[in-house]
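Chain and residue survey
Spelled out, the chains give:
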Amino acid sequence: MKKNQGIFKGLKKIGKNNPLMVFAFIWVAIVPSLGSILLVPFFITNTTFFQQLDFSSPETWFLYLIPCAILMAFAFMPTTLLAGLTGFILGWKALLLLILSYTLATLFGYGLGKKMDKNSLDILLGEYPRAKALVENKKGKMGELIFFVRLSPIIPFAFSNLLFALLDTGWKRVVLFGFIGMLPRTLLAFGSGVLADSIYTAIRQGGNAFNWALIIGLILLSLWGIARFFKSK
């Protein structure tokens, strides 16, 4: 009970000193679902328009890259859902742009988190000196944590950007290890969209036993890696 009271006390302090950060975490928890409800019909309605885009044109790159990066960075849409829809609507020709867009979204999201951070993590861990010391001791190995967090299909992309900003992992680590960690889940979602026979299947993703096995495998590997990161000396 004391631990829970300490956590709530820390969150209350963060809310008092930095309400914007608390709002940001609430935002990334709620908005992706609402955004998906509003944006999926838009993509479905304009499928023909997107399929006619010329991907050899710089204008097309800009038209896809910037809006998709904004959608992911500001949590307007989950990355896996966007990857599945991109695969279904545009096919393999858009894979490179998708990867570049989530890399750009990483920079946007991390930079925004750093702007909002006002020593929020220190406030939260103020009641837990051992936990604070653990985080400090792990500063040089944050790449490992970033990789395993990004690997998990169930940890929201925008939420993890805020987390990395609080932990002050450094943007280079977030980009490099985040890119490697995001790649398997992105390829899985994108490939499911490419192979889907309907927009409904593309949205659902992981509709067969093999895909579900891969998803569960990524989740378990991610959980194992995160646990190992904090337990290892």
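Residues numbered from 1 in each chain as written. Predicted model: local features only at pLDDT ≥ 70, side-chain atom pairs only at ≥ 80, totals over all residues. Heavy atoms only, no water.

1. Things to note about helix H11 (residues 171–195)
- Here H11 is 25 residues long and its end C-alpha atoms lie 34 Å apart, about the 36 Å a rise of 1.5 Å per residue gives.
- The largest bend in H11 comes to about 35°, at leucine 183, with the proline proline 184 one to four residues further on. (Helix = DSSP H or I, 4+ residues; strand = E, 2+ residues; numbered from the N terminus. Expected span 1.5 Å × (residues − 1). Bend = angle between axes of the 7 residues up to and from the residue.)

2. Focus: the confidence of the model for the protein chain
- Considering every residue of the protein chain, the mean pLDDT works out to 84; 86% of them sit at 70 or more.
- Confidence, read as mean pLDDT per element, is least for helix H1 (residues 2–17) in the protein chain (57) and greatest for helix H9 (residues 142–151) (94). (pLDDT = per-residue confidence, 0-100.)

3. Topic: a nonpolar patch on the surface
- On the surface, a nonpolar cluster with roughly 660 Å² of combined accessible area is contributed by Leu20, Phe23, Trp27, Ile70, Phe74, Phe76, Phe108 and Leu112.
- When you line up the elements, phenylalanine 74 lands in the loop between helix H4 (58–73) and helix H5 (79–90).
- For phenylalanine 74, a relative accessible area of 32% translates into the label partly exposed. (Patch = residues over 30% accessible without salt bridge, like charges linked within 9 Å, V, L, I, M, F, W, Y side chains within 5 Å. Areas by Shrake-Rupley, 256 points an atom, 1.4 Å probe, with all protein chains shown as cover. Salt bridge = Lys/Arg side-chain N within 4 Å of Asp/Glu carboxyl O. Buried < 20%, exposed > 50% of the residue type's maximum accessible area, 1.4 Å probe, protein only.)

4. Details of the side chain of serine 36
- Secondary-structure assignment places serine 36 in helix H2 (residues 19–45).
- Owing to a relative accessible area of 13%, serine 36 belongs among the buried residues under this scheme.
- Apart from the residues within four sequence positions on either side, serine 36 is in contact with Pro41, Phe76, Met77, Pro78 and Leu81. (Contact = heavy atoms within 4.5 Å.)

5. Points about H4
- Between its first and last C-alpha, H4 extends 22 Å over 16 residues, near the 22 Å set by a 1.5 Å rise per residue.
- Within H4 the residues assigned to the buried category are Thr60, Tyr64, Leu65, Cys68, Ala69, Leu71, Met72 and Ala73.
- The secondary structure elements touched by the buried residues of H4 are H2, H5, helix H6 (95–116) and helix H10 (157–167).
- Following H4 by one or two positions, alanine 75 has its phi on the positive side, about 60°.

6. So, the nonpolar core
- By size, the foremost hydrophobic cluster in this structure holds 30 residues, and its most contacted members are Phe43, Met77 and Leu90.
- Where this core is concerned, the elements lending two or more residues are H2, H4, H5, H6 and H11.
- With 7 residues, the single largest contributor to this core is H4.
- In contact with phenylalanine 43, not counting residues within four places along its chain, are Phe50, Leu71, Met77, Leu82, Leu85 and Ile89.
- Ranked by size, the runner-up nonpolar core spans 28 residues in total, among them Met21, Met142, Ala165 and Ile219. (Core = buried A, V, L, I, M, F, W, Y, C linked by side-chain atoms within 4.5 Å.)

7. Some details on the environment of leucine 195
- Summarising the element assignment, leucine 195 is placed in helix H11.
- Here the alpha-carbon distance between leucine 195 and glycine 84, two residues 111 residues apart in the chain, equals 9.7 Å.

8. As for the environment of lysine 115
- Looking at the element boundaries, lysine 115 is found in helix H6.
- On the accessibility criterion, lysine 115 (73% relative accessible area) is exposed.
- The spatial distance from the C-alpha of lysine 115 to the C-alpha of methionine 21 is 9.7 Å, given a sequence separation of 94 residues.

9. Quick word on the packing of H4 against H5
- Two elements in contact, H4 and H5, have axes whose closest approach is 10 Å; the angle formed by their N-to-C orientations is 150°. What the angle tells us is that H4 and H5 run roughly antiparallel. H4 and H5 meet at a crossing whose hand is right-handed. Mapping the contact onto sequence places Tyr64, Cys68 and Met72 in H4 and Thr79, Leu82, Thr86 and Leu90 in H5.
- Of the residues that constitute the contact of H4 with H5, the class distribution is 5 nonpolar, 2 polar and no charged. (Axes fitted to C-alpha atoms, helices over the stretch in contact; angles between N-to-C directions. Parallel < 35°, antiparallel > 145°, perpendicular 65-115°, else oblique. Left-handed = near helix turned anticlockwise from the far one by under 90°. Nonpolar A, V, L, I, M, F, W, Y, C, P; charged D, E, K, R; others polar.)

10. Topic: unusual backbone geometry
- Its identity as a non-glycine residue notwithstanding, alanine 75 has a phi of 60°, on the positive side.
- Relative to the helices and strands, alanine 75 is located in the loop between H4 and H5.
- In this structure, aspartate 168 is a non-glycine residue whose phi angle is positive, near 55°.
- Its place among the elements puts aspartate 168 in the loop between H10 and H11.

11. Describing the packing of aromatic side chains
- Scanning the entire structure with this criterion turns up 12 aromatic pairs.
- On the numbers, 5.6 Å between centres and 70° between planes, the contact of phenylalanine 42 with phenylalanine 43 is edge-to-face.
- Classification of phenylalanine 43 by relative accessible area gives buried; the value is 11%.
- Each member of the aromatic cluster is reached from another via a ring pair, and the members are Phe42, Phe43, Phe49 and Phe50.
- One residue, lysine 138, lies across the ring of phenylalanine 229, its end atom 5.3 Å from the ring centre. (Phe/Tyr/Trp six-rings, centres within 6.5 Å; stacked < 30°, edge-to-face > 60°. Lys NZ or Arg CZ within 6 Å of the ring centre and 35° of its normal.)

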